[in-house]
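Summary of the model geometry
Listed below, chain by chain, are the residues.
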Amino acid sequence: MTAYIIRRLIHMVFVIFLVLTVVFFLTRLTGDPVHFFVPMDTSRANLEEIRERYGFNDPLWQQYLRFMGDAVRGDFGDSLRQRDSATGLVLARIPATLQLGAAALAVSLLIGVPLGIFSALNRGSLGDKAATLISVLGLSVPAFLMGLLLILFFSVYLGWLPTSGRGSLAQLIMPTATLAAFSVARYARLSRSTMLDVLGQDYIRTGRAKGLSESKVVWVHALKNASIPLLTITGLQAGHLLGGAVVVEQIFAWPGMGRLLLQSLLNRDFPVVMATIVFVALVYTLFSLLTDLAYAWANPEVRLK
Amino acid sequence: MADLSSLGNLRHALATGQLTRRDLIKRATVLGVGATIGGTLLAACEDDGDDGEEVDDTADAGQVDLDDADDDDDDDTVADEPDDHVDDEDHDDEDPDDSDDADDDEPTGDRVDRITVGIGADALTLMPTAIVDWTTGIMISHIYDRTVNYDPDDNFAVGAWLCTIEVIDDLTWEMQLVDDNIQFHNGEVLTAEHFKVLLEWVQDEANESHYLERFQPVEDIEVIDDLTWRVTTSEPFPIFPTRLVALEPVPLEYWEEVGDDELANNPVGTGPFMFNEWVRDERLLLDRNPDYWKHDVQVDQVEFRFMPEFSSRLSSLLAGEIQIVKDVPIDALDTVEDNDEARIESIPSSRVNYVALVNNREGSVFEDVRVRQAINYAVDVDAIIDGIFQGEATKMAGCLSEVNANVNPDIEPYPYDPDRALELLEEAGVDPNELEITMDAPQGRYPMDADAAQAIAAELGRIGITVNVQFNEWGTHLDKIVNRETGDMFYLGWGPALEAQGTIEFLFTGDSTYSGYGDPELEEMIFDAGRTVDPDEAQEKWDEIQEIIHEDAGWLFLWQQHDIYGVAENVEFTPRADEFMWMGDAGPRNS
Amino acid sequence: MSTQAETIAAAAELRARNRAGWRYMLRELLRDKIVLIMVIFLVVLSMAAILSPWILTGNLFDPDYGVARVPPFTEGHIGGTDQLGRDVFSRTIYGARISLLVGSVSVLIAAVVGITAGLMAGYYGGWIDSVIMRIVDVHLAFPFILLALTINAIIGLGVRNIIISLAIAGWVEYARIARGEVLVMREREFTQAARLMGASNGRIIWKHIFPNITTPLLVTATLQVAQFIIAEASISFLGFGVQPPTPAWGSMISEGFANIWSSWWMIAVPGIALALVVLAVNLVGDWLRDVLDPRLRR
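This report concerns the structure included in the present document. (Residues numbered from 1 in each chain as written. Chains lettered and ligands numbered in written order. Predicted model: local features only at pLDDT ≥ 70, side-chain atom pairs only at ≥ 80, totals over all residues. Heavy atoms only, no water.)

1. Quick look at the nonpolar core
The line we're drawing: Remark: nonpolar core denotes a set of buried residues (Ala, Val, Leu, Ile, Met, Phe, Trp, Tyr, Cys) joined through side-chain atoms within 4.5 Å. Exposure categories follow from relative accessible area, calculated using a 1.4 Å probe and restricted to protein chains: below 20% of the type maximum is buried, above 50% is exposed, and the middle band is partly exposed. Helix and strand assignments follow DSSP, with helices taken as H or I runs no shorter than four residues and strands as E runs no shorter than two, numbered in order from the N terminus.
B:Ile456, B:Tyr491, B:Ile504 and B:Trp559 are the most contacted members of the largest nonpolar core, which has 273 residues in total. Per-element accounting of this core gives the leading share, 17 residues, to helix α12 (residues 265–292) of chain C. Within the second largest apolar cluster, 81 residues are counted, among which are B:Phe240, B:Leu244, B:Ala264 and B:Leu498.

2. Brief notes about the interface of chain A and chain B
Applied cut-off: Two residues form a contact once any of their heavy atoms are found within 4.5 Å. Once two parts are brought into contact, the accessible area they lose, counted with a 1.4 Å probe and summed over both, makes up the buried area. Salt bridges are counted wherever a side-chain nitrogen of Lys or Arg sits within 4 Å of a carboxyl oxygen of Asp or Glu. We define a polar contact as two N or O atoms separated by no more than 3.5 Å, with the added condition that, inside protein, one atom must be a possible hydrogen donor and the other a possible acceptor, whereas residues neighbouring each other in sequence contribute only through side-chain atom pairs.
With 43 residues of chain A at the contact, the number on the chain B side is 46 residues. In total, about 3,800 Å² of surface goes out of reach between chain A and chain B, with carbon and sulfur atoms giving 47% of it. Three residues, A:Met40, A:Arg44 and A:Arg83, lead the burial of chain A against chain B; their summed loss comes to 22% of the area buried on that side. Where chain A meets chain B, there are seven salt bridges. For B:Arg214, the salt bridge identified is with A:Asp41, shortest N-O distance 2.9 Å. Run the count over chain A and chain B and you get 21 residue pairs in polar contact (both at pLDDT 80 or more). Contributing elements (two or more residues each) for the side of chain A that touches chain B: α2 (34–37), α3 (44–54), α5 (86–121), α7 (143–157), α10 (214–251) and α11 (257–266) of chain A.

3. With respect to the packing of aromatic side chains
This is how it is decided: Here a pair means two rings of Phe, Tyr or Trp (six-membered ring of Trp) with centres within 6.5 Å. Their orientation is stacked below 30 degrees between planes, edge-to-face above 60, and tilted elsewhere. Consider the ring centre and the ring normal. A charge sits over the ring if Lys NZ or Arg CZ is within 6 Å of that centre and within 35 degrees of that normal.
According to the stated counting rule, one finds 35 aromatic pairs over all chains in the structure shown. Taking the centre distance of 6.2 Å and the plane angle of 45 degrees together, the rings of A:Phe67 and A:Phe76 count as tilted. Assigned by exposure class, A:Phe67 and A:Phe76 land together as buried. One aromatic cluster is present, built from ring pairs that chain together B:Tyr354, B:Tyr377, B:Tyr414, B:Phe508, B:Tyr517, B:Trp555 and B:Phe557. Geometry around B:Phe580 places B:Arg146 over its ring, the cationic atom sitting 3.8 Å from the centre. Residue placement shows B:Lys294 over the ring face of B:Trp161; its charged tip is 4.1 Å from the ring centre.

4. Here we look at the packing of helix α2 (residues 33–55) of chain C against helix α3 (residues 88–124) of chain C
Residue and element names in this part refer to chain C. As a reminder, the rule being used: Every angle, taken between N-to-C directions, lies between 0 and 180 degrees, and every axis is a line fitted to C-alpha atoms, over only the stretch in contact when it is a helix. Oblique is the label for every angle not falling under 35 degrees (roughly parallel), over 145 degrees (roughly antiparallel), or within 65 to 115 degrees (roughly perpendicular).
At a minimum axis distance of 8 Å, the contact between α2 and α3 shows a crossing angle of 105 degrees. In this view, α2 runs roughly perpendicular relative to α3, as classed from their interaxial angle. Contacts between α2 and α3 involve Leu45, Ser46, Ala48, Ala49, Ile50, Ser52 and Pro53 on the former and, on the latter, Ile93, Tyr94, Ala96, Arg97 and Leu100.

5. Observations concerning the pairing of strand β14 (residues 436–442) of chain B
For a regular strand, side chains alternate in direction, first toward one face of the sheet and then toward the other. All names here are of chain B. Defined as follows: A pair of strands counts as paired when DSSP detects no fewer than two bridges linking them. For crossovers, right-handed means that the path from the first strand over the helix to the second runs clockwise, given strands pointing away from the viewer.
A large share of β14 lies buried, amounting to five of its seven residues. Pairing geometry for β14 and strand β15 (residues 466–472), over seven bridges, is parallel. The residue bridging Asp440 from the neighbouring strand is Gln470, located in β15. Assessed by its sense of winding, the connection that carries the chain from β14 through helix α18 (residues 449–461) to β15 is right-handed. When β14 meets strand β16 (residues 489–494), the two strands line up parallel, connected through two bridges.

6. Side note on the interface of chain C and chain A
In this complex, chain C contributes 44 residues to the contact, which on the side of chain A involves 48 residues. Summed over both partners, the interface of chain C with chain A buries about 4,200 Å², with 76% contributed by carbon and sulfur atoms. For C:Glu173, the salt bridge is made with A:Arg186, and the minimal N-O distance between the two is 3.9 Å. Where chain C touches chain A, the interface holds three residue pairs in polar contact (both at pLDDT 80 or more). Breaking the side of chain C that touches chain A down by element, the ones donating at least two residues are α4 (126–140), α5 (144–155), α7 (172–186), α10 (214–237), α11 (249–257) and α12 of chain C.

None of this, on its own, says anything about what the molecule does.
The structure is reproduced here in structure tokens:
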């Protein structure tokens, strides 16, 4: 077990190294960052001087080695636009994003899974269709549009909720709903199909035949086995939620990492992009490690190798 | 200067902090009633106590977002029953500094308790004179003071602010502080030394200030006495006053004590507002400086709230959560006007939009001046302004807007005359139906830019010219212009442009970063004008240059943008052509 | 150990099931009215989209501000006009062409690339597997929308580029699924039998493994069409994507977003079209999964 975790951690470091490498070259391909952090009336001669000073004129592999040399010490350099360390900027955004992500994950689990189980148990009924329809509706409206519609209705028209910002619980409601809408559907559909799958299997039939109560069959035996795919998808959701957070944070002025990442990508603030991506990769790989460990816990037959 | 933020906090608490919204409204009501009974009392407390009744409204709009729980029907009833509230106040008020409250409370009768400004981006730093960025500059200028500033009463020519400015000779400028007791928020007194030290900091390459290049000709800074300082330049530097606008002195003792980072994170200025709190990507909160040297500040708190999405900003305004937003889309003008709580304040900005007609590139169809002129005749700019901007843009005649201090007012715009355009093309030997031009344009950078670009293409299509609009992401757009990889036309905006040199030298000389125009003879004239210190002499030169540019049709001249603000009904706010969004003279408004 | 005959029989049974599938699917389709309606809707819309250049009469591209922002059902504009006076309904139908093209072609590319990678990784294992799976890991650590955005920033705006961006950002899902399925299939008797009988690797993958893992891939692809159409909208909203005046639904919605205060129909018409298509595609996808998965058969 310990050996497994250590191996996975090494793997994690390797993946993050690869992520950094890929993102390094990808971002450099987007273009010259210099226009973005100097005034527009900077002369061409000065632009060149600045490029030189920041080393943007050096061969790419030299820049890469320099970057990696600093990165292994956790130093991603200073933001090109803001007078602050990239790592610091990212760290300051983490709580907001984690809060939003956790809230959205919780909401989508709490709504999506029961919805899916309900559908599976009442397969083909009107209720099943309605549940499917509701969950799929969440997939059908782009997040930015849903966000604005929520704001227009609940804030401008009804005046019930604050339009945006972070701080109070009320401000968390609409961003969470918008972000969760997508994952609710995912969870509902997945739990529906896995439940159907599990319910059709022999041991469930056996259980029923042996006279176990229906609720025990469903909630204990079936759900436990259906939980594995749900776990997998939860690992993947970490990444999805962060992607979704980009749009949601933008609409609701939520001071999180998605917004930071988008802005620094658009402004070619490479150090910040790199620092953010490392964090995202870290969260993702950690999540998949936890997922695998949870597998083993949920289903002792799965051998960690 | 141990703990500035706590000092800020303390003052904040004294002013408004310990009061809940309900308290405020109740108090405001007392004041409202009180003011009618005894206006004298109010006037005694603070100098301009003209209308105490205003408070009712201001308190109402101020902080809807803060405590929703308090947002019950109490508010309304209390307002009607002054007796009841006096009672309540004693119960609710747990503020030990009761007496202070009373002092500070009553003047709110003619102040706004808070103005929240919805703004698209966060400040990049709060260190003055370091980074050139509109948002950053706006926020810093509320905490600090500008050395000089554009004067709206003098068509935005540079005028005195902290200092007056005087030309000694072609290479020497003398600045004089306007007041001998201007104090930083921590009590440090501003002297000439402060300017010298900051300017030298800017000149130190190690500090990587964006203003380094802008002050390049500055050679020597000399402190004459406590109030007077002189700058010597290596060459005539007529736009020096413009450059000084961004110089915002910082307290030297404090700076020395805490260092660069802390100064940037806990700024202490001389400005109308004192730093309270800065949460990155969330908000910047500033408290009223009760001792502001220039005038009485009528806003107790200013909050800049960073909201990247304009629809969210507008929604917040309509929901009454924020009081001021910039760049209301044309589409929403009616919505804001129809709203009882908000109004539109619009002003022609000094920012200009144009389409460059690249004349100095091998193979460009615009090498021929007649083709450039033809384009200007063929596009019906007025129709686009009416059709797309609903009139919210001002047509430009030449390359400078009418608020530019150096504009040549005699230049007449090209009239819309498609026949003349066809004639010119024929003279040039160009068949419009064979002509295919690529126009690079940004999307979402300037007001209605994508729509305007399509409209321009359609206008030219009417005389047979095919214009392919290539929309670029902003960064790509800049790259293309800098690397001279655009089509023969490209769309760009420029501003704030308040004097000639910053626009003309930068956009009409061949080697400039974002230029699409080059003419060696004209270039000589431009450089010459840019080194002429005597204003009248310089103006003559700029007038001639503008005529040439107009005649030579270096651009398809389009329009000045309008800065369109959405403002809460109960807030007085005057937009400025120089994009200086300034709460220093904002205040309550009688509706 | 099973006999050769048994494994051949098993393989034959699998194939027979696939063949019988078509008739079975049609029967199921006729039974499920909602899905039937959705399928008809998609077919009709696709036809309209394909034929749109010939059947549409409204102004699609040219600005005509004289008739800008006309509300729906006036002056012959069923869906009103946009801020440049173009017919919203016509643009929406024409936009179906772009959006369906973007959705289907990018999914197709993503699927081909992803499935090939997944098959190779799963079948050959070893270093090929390691390399491909590392790429997948790296890929997954980067949020989908941002990856698509970055690629779009590098290669520029336009319909072709958005298709490429989405395909590059989306192929890993297939690789993961294909690999997982192959790992199971590789151990199945009929695969081993084929190998014993001397079939080449290519033939085994193509003839024996691929046909048996199509179900989850097909379902994924269907759902991803919907996901990509939405993604195109989000990317447009963030300032990239299809460039004007081309009317993809996403760019129309994001343009309508900027005009929502005066002209709600600019967002409502393409928005409803988008929601309906995504809904239809998702419901059909769900239904496909139900129908194709033998364990879920009733």
